[in-house]
Amino acid sequence: MSAVDRYDLYEAAAQSPDMEARFLRAVHAAHPRTLREDFCGSAAVCRAWLDLDPSHLAVCVDNDPGALDALRARATPAQLERITVVEKDVLDANERADIVCALNFPVGYWHTRAALLRYLRSARERLNPGGVFVCDIYGGASAFIVGESDQELRGGVLYTWEQRDADPTTGIVENAMHFRLPDGREIADAFTYRWRLWSIPELRDALADAGFASSEVHNRLGDAIDHEGNLHVRPVIDAGLELDDDYVVYVVARRD
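Residues numbered from 1 in each chain as written. Predicted model: local features only at pLDDT ≥ 70, side-chain atom pairs only at ≥ 80, totals over all residues. Heavy atoms only, no water.

Peer 1: Residue-level account of the overall build of the chain, with values.
Peer 2: Looking only at helices and strands, the chain has 8 helices and 13 strands in total. By the compact-globule yardstick of 18 Å for 256 residues, the chain fits well, its C-alpha radius of gyration being 18 Å. With the principal axes as the frame, the chain shows a C-alpha extent of 50 × 50 × 40 Å. Evaluated residue by residue, the chain yields a buried proportion of 50% over its 256 residues. For the chain, the proportion of contacts with a sequence separation of at least 24, taken over those separated by at least 6, is 67%. Total accessible area computed for the chain in this model is approximately 12200 Å², and 47% of it derives from carbon and sulfur atoms. Charge separation in the chain, taken as the distance between the mean sites of 27 positive and 43 negative side-chain charges, equals 6 Å. (Helix = DSSP H or I, 4+ residues; strand = E, 2+ residues; numbered from the N terminus. Rg over C-alpha atoms; globule rule 2.2 N^0.38 Å. Buried < 20%, exposed > 50% of the residue type's maximum accessible area, 1.4 Å probe, protein only. Contact = heavy atoms within 4.5 Å. Areas by Shrake-Rupley, 256 points an atom, 1.4 Å probe, with all protein chains shown as cover. Lys, Arg positive; Asp, Glu negative; His and termini not counted. Charge placed at Lys NZ, Arg CZ, Asp CG, Glu CD.)

Peer 1: Pulling in residues and values, what's your account of the sheet that holds strand S1 (residues 34-38)?
Peer 2: If you trace the 7 strands from one edge of the open sheet to the other, you get S3-S2-S1-S4-S5-S13-S10, paired in mixed fashion. With one partner strand each, in any of the chains shown, strand S3 (83-87) and strand S10 (214-218) form the two edges of the open sheet. Across this sheet, the average inter-strand angle for adjacent strands is 20 degrees, counted without regard to direction. The pairing of S10 with strand S13 (residues 246-254) spans 5 bridges and is classified as antiparallel. Of the residues in S13, the one forming a bridge with Ser 215 is Ala 253. (Pairing = 2+ DSSP bridges. Axes fitted to C-alpha atoms, helices over the stretch in contact; angles between N-to-C directions.)

Peer 1: Please provide a residue-by-residue account of the nonpolar core, values included.
Peer 2: It is characteristic of soluble globular proteins that their nonpolar side chains tend to be buried jointly. Grouped together as the largest cluster of nonpolar side chains are 32 residues, with contacts concentrated most on Leu 116, Tyr 119, Leu 120, Phe 133, Leu 203, Leu 207 and Phe 212. Elements supplying a minimum of two residues to this core: strand S2 (57-62), strand S4 (97-102), helix H6 (113-125), strand S5 (127-140), helix H7 (200-209) and S13. Apart from residues lying up to four places away in sequence, Leu 120 is in contact with Phe 133, Leu 203, Ala 206, Leu 207, Ala 210 and Phe 212. Core analysis: the second largest hydrophobic core is formed by 27 residues, Ala 21, Leu 35, Ala 75 and Val 134 among them. (Core = buried A, V, L, I, M, F, W, Y, C linked by side-chain atoms within 4.5 Å.)

Quick look at the structure:
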């Protein structure tokens with residue numbers, strides 16, 4: 001029976017690395033070179049970032065050695081030459097970049113505003129002048145409803161997202177990712193999380209208090225890719241769009 005890597009399953013279920021890398025380049029709106037991916041896991045976004053341009057560099061930060069082993073197993077030798085791998089807590093990693101991203105909801109690891117502010121200030125300090133910090137959050141009408149949702153992935157893998165506990169009085173949720181393989185094997189609790197769900201205004205207020213010059217909200221990864229491979233993006237307010245009842249948004253904060 002062949003081995004199954006949970007990071008392969010995670011990337012298939014939860015990530016769109018190429019579009020996310022193009023989105024990060026687009027929201028920077030200048031000529032970013034170095035991307036720092038906090039809580040990087042197997043660093044799918046950084047690997048896609050390197051594929052966009054041979055001059056791009058990446059900093060991959062995670063305190064889980066298993067995740068960084070997964071990164072090294074997936075990156076090509078040419079990519080590894082342009083990746084700085086940092087096995088540290090994100091608060092202790094001093095490597096600088098033009099873009100710092102924290103994707104797939106990891107700002108939820110900070111359960112108090114004081115802890116969130118500490119991280120956001122740290123992220124801002126690691127940005128080069130004119131840099132941007134990008135994170136995502138989810139919310140809406142069903143944000144604190146307990147339940148499961150299923151999705152069939154390529155190859156006949158059934159992916160289940162479970163919100164097993166949620167307390168709207170504290171904002172704390174507990175979630176898990178499960179997989180059932182075509183041969184009947186089940187991988188329960190492949191990844192588990194205990195997050196604080198920050199609202200959009202709470203997060204933007206914290207970004208302002210952390211010293212960012214401005215922030216904006218995007219509810220999609222872009223509108224179109226032009227003939228040069230550049231993605232065109234518009235914040236929600238500029239596009240005249242409304243959020244869905246249940247949403248995932250990308251919050252972009254700019255350093256002067």
